[in-house]
Amino acid sequence: MKRRTTLLLSSAVTIAALFSFNSKVQAAADPTIKATNYNMTVKLNTRKNQLTEKVTMHVVNNGNEPVKNLLVRNIASGVLKYDHKHFKATRNATTSVKSISSDGQKLSYTTGKDKSNLFVNKNLNAGESTDLTVNVVTGVPKRQDRFGYQNINGGKVYNLSFCFPYLSDYRNGKWNYHPYYDAGENRNSAVSNFHVSFFAPKSYKVAASGQSTTKNGKTTITANNMREVAIAASNKFKVDHAYANGVRINDYYLASKNSKQYNKLALMTAQDSFHIFTKKIGKYPYKEIDITEGLLGKDTGGMEYPGLIMIDASGFLQKKHPLDRYNELTEDVSHEVGHQWFYGTVGSDEYMEPWLDEGLTNLLENGVYDLAYTKSKAYCAKLMHSKFYTRKNVKRANKILKENANQFINKNQKASYINYPVNNPPKGVDTEDMAYELGMDFPAVLKVAMGETKFFDALHDYYQTYYLKQATTQDFLNIIRKYDNSKKVNNVINKFIDPKYLSE
Ligand SMILES: [Zn+2]
């Protein structure tokens, strides 16, 4: 997610009150039980604002032990529970599991307190596989959100994510799951292959993860090697595209007085981001990415999925918007494109170690894209009538940030730990500051402590090593230390990382 913020590589916050409890992240090996394939039929009823979903997952037990239950997550349940509590207009949207079956046999299941978790009574021996079919009907809430619909321009935009059932990851003898967290994420991380038939009225344009084609209201989606599929559909979308590093970038945007500028700047920013991140970190695994415009609420600038990013359009749809919205647009787009590297390609546990994807992505946005002179930022400055954006000033910003980081290192300034779960940040620190700001300060200071070349070599190595897999903070540290195990670097690590929370 992209949190709206005005901070720019702030020097670290000085709070270090800690309390300990046991809450280690699971080591991020590949799941021993996982769904290798999903076949999904999803029908969107735009009159009832309702999804009818049939999801068949091919579940394989690659472990040495049998299991008695398979954990299916109907993640929409957690979202809607949150929505009902906070937004009156969402109360008629509910989710209901119609049936779960395997090979034509109906299966029973139990749920705990969190109704997202469906523990299906299905035995699966070591080495065996099965096809599990889940039928659900889920209402789409009226909310400006990553899961919700809005009325825009006399039409509708549907953001469809956090609403498709999936198999939880099974690692180290445990199903891995977390409760819904509205300001962040609680998704699974293993990659799979998705084949989706999505039905919507013919007037709707459909954007989706992976590659898709639409004919007579049916969109066929193929999304291979992805962690999930997200869909955005609207009868008001216009589409434009551009290319970067051989990747096709589709921009689904809405008509407005500013839409020409919005579309041009969104595409340019995505192109520049792809160029820079590919060069610095490594190659993007997919052929295509969709950018979709919608409303995501006042605190959210965007949301990331493999092969699709949602961008908040608040302000742009009005006749007049503050000029600074152009600057925010470059931040939102470069941030969500950055997640294609950290979350999309290198997965991590977004709930237990939110800094690992948000902090590294924030570094790509603020410490990599922002610190390079780009055409998109130059165009943005022009739209904002600003003369400040020059090569000289970009150089100056680089210099100041380097000086700040050196001061932090040499004056032995205090920081705060960042590798805590979303529901339990260190005392006195708010979760978003921990994950986004301090989570970015850590690699930003490491970059200066190690020197740029060594730092980006290490980051590239981390990317290649965990490409389409998942990593933990411990994995990240191991690679950093492989490139620089000096006292200086370890001092930085010790300021930000609490060893009590590292996986073994
Ligand atoms: Zn983010």
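In this report, we go over the structure that sits alongside the text.

How each quantity is defined
Residues numbered from 1 in each chain as written. Predicted model: local features only at pLDDT ≥ 70, side-chain atom pairs only at ≥ 80, totals over all residues. Heavy atoms only, no water. Core = buried A, V, L, I, M, F, W, Y, C linked by side-chain atoms within 4.5 Å. Buried < 20%, exposed > 50% of the residue type's maximum accessible area, 1.4 Å probe, protein only. Helix = DSSP H or I, 4+ residues; strand = E, 2+ residues; numbered from the N terminus. Domains from an automatic or database assignment. Contact = heavy atoms within 4.5 Å. Donors = N, O, S within 2.8 Å, 3.2 Å for Na, K, Ca; no water. Phe/Tyr/Trp six-rings, centres within 6.5 Å; stacked < 30°, edge-to-face > 60°. Pairing = 2+ DSSP bridges. Salt bridge = Lys/Arg side-chain N within 4 Å of Asp/Glu carboxyl O.

### Quick notes on the nonpolar core
Here's step 1: Within the largest apolar cluster, 149 residues are counted, with the highest numbers of intra-cluster contacts made by Phe198, Phe442, Tyr462 and Phe476.
Here's step 2: Counting residues per element, this core draws most heavily on helix α7 (residues 431-450), which supplies 12 residues.
Here's step 3: Counting only domains with at least three residues in this core, you end up with domain 1 (2-24 + 364-501) and domain 2 (34-188).
Here's step 4: Setting aside residues up to four positions removed in sequence, Phe476 forms contacts with Trp355, Leu356, Leu360, Phe442, Leu446, Leu459 and Tyr462.

### As for the coordination of the zinc ion
Here's step 1: Listed as protein donors to the zinc ion are Met1 (O), His335 (NE2), His339 (NE2), Glu358 (OE) and Glu358 (OE); their distances from the metal cover 1.8 to 2.7 Å.
Here's step 2: Considered as a linear motif, the donors of the zinc ion on their single chain read M-x333-H-x3-H-x18-E. Separated by 23 residues along the polypeptide, His335 in helix α3 (residues 324-338) and Glu358 in helix α4 (residues 354-369) bring together distant segments of the chain. We note that His335, like Glu358, is buried.

### Brief notes about the packing of aromatic side chains
Here's step 1: Counted under the stated rule, the structure contains 29 aromatic pairs.
Here's step 2: Between Phe277 and Trp341, the ring centres sit 5.7 Å apart and the planes meet at 80°, which makes this aromatic pair edge-to-face. Remark: Trp341 occurs in the loop between α3 and α4 and Phe277 occurs in helix α2 (residues 259-280); sequence separation between them is 64 residues.
Here's step 3: Assessed through its relative accessible area of 0%, Phe277 is described here as buried.
Here's step 4: Trp341 gets classed as buried once you look at its relative accessible area, which sits at 0%.
Here's step 5: Centroid distance Trp355 to Phe476: 5.4 Å. Interplanar angle 80°. Geometry classified as edge-to-face.

### So, the sheet that holds strand β4 (residues 67-73)
Here's step 1: Here we have 4 strands laid out as an open sheet, ordered β7-β8-β4-β12, and antiparallel in their pairing. Looking at strand neighbours, the two that pair on one side only are β7 (109-110) and β12 (166-167), the edges of this open sheet.
Here's step 2: Bridge analysis of β7 against strand β8 (residues 117-124) gives 2 bridges, and the strand direction is antiparallel. Across the sheet, Tyr109 pairs through a bridge with Val120, a residue of β8.

### Quick word on the pattern of salt bridges
Here's step 1: Applying the stated criterion across every chain, the model contains 17 salt bridges.
Here's step 2: Note that Glu365 and Lys2 form a salt bridge whose closest N and O atoms lie 3.1 Å from each other. Residue Glu365 is located in helix α4, and its partner Lys2 is located in strand β1 (residues 2-3); the two are separated by 363 residues in the primary sequence.
Here's step 3: For Glu365, a relative accessible area of 1% corresponds to the buried category.
Here's step 4: Overall, Lys2 belongs to the buried group, its relative accessible area being 2%.
Here's step 5: In this structure, the salt-bridge partner of Glu403 is Lys399, at a minimum N-O distance of 3.8 Å. Taken together, the residues Glu403 and Lys399, both in helix α6 (residues 391-410) and 4 residues apart, mark about one turn of the helix.
Here's step 6: You can call Glu403 partly exposed: its relative accessible area is 43%.
Here's step 7: Of the residues examined, Lys399 reaches a relative accessible area of 56% and is grouped as exposed.
Here's step 8: By sharing partners, the salt bridges in this structure join Asp83, Arg143, Asp145 and Asp182 into a single network.

Treat this as a map of the structure, not an account of what it does.
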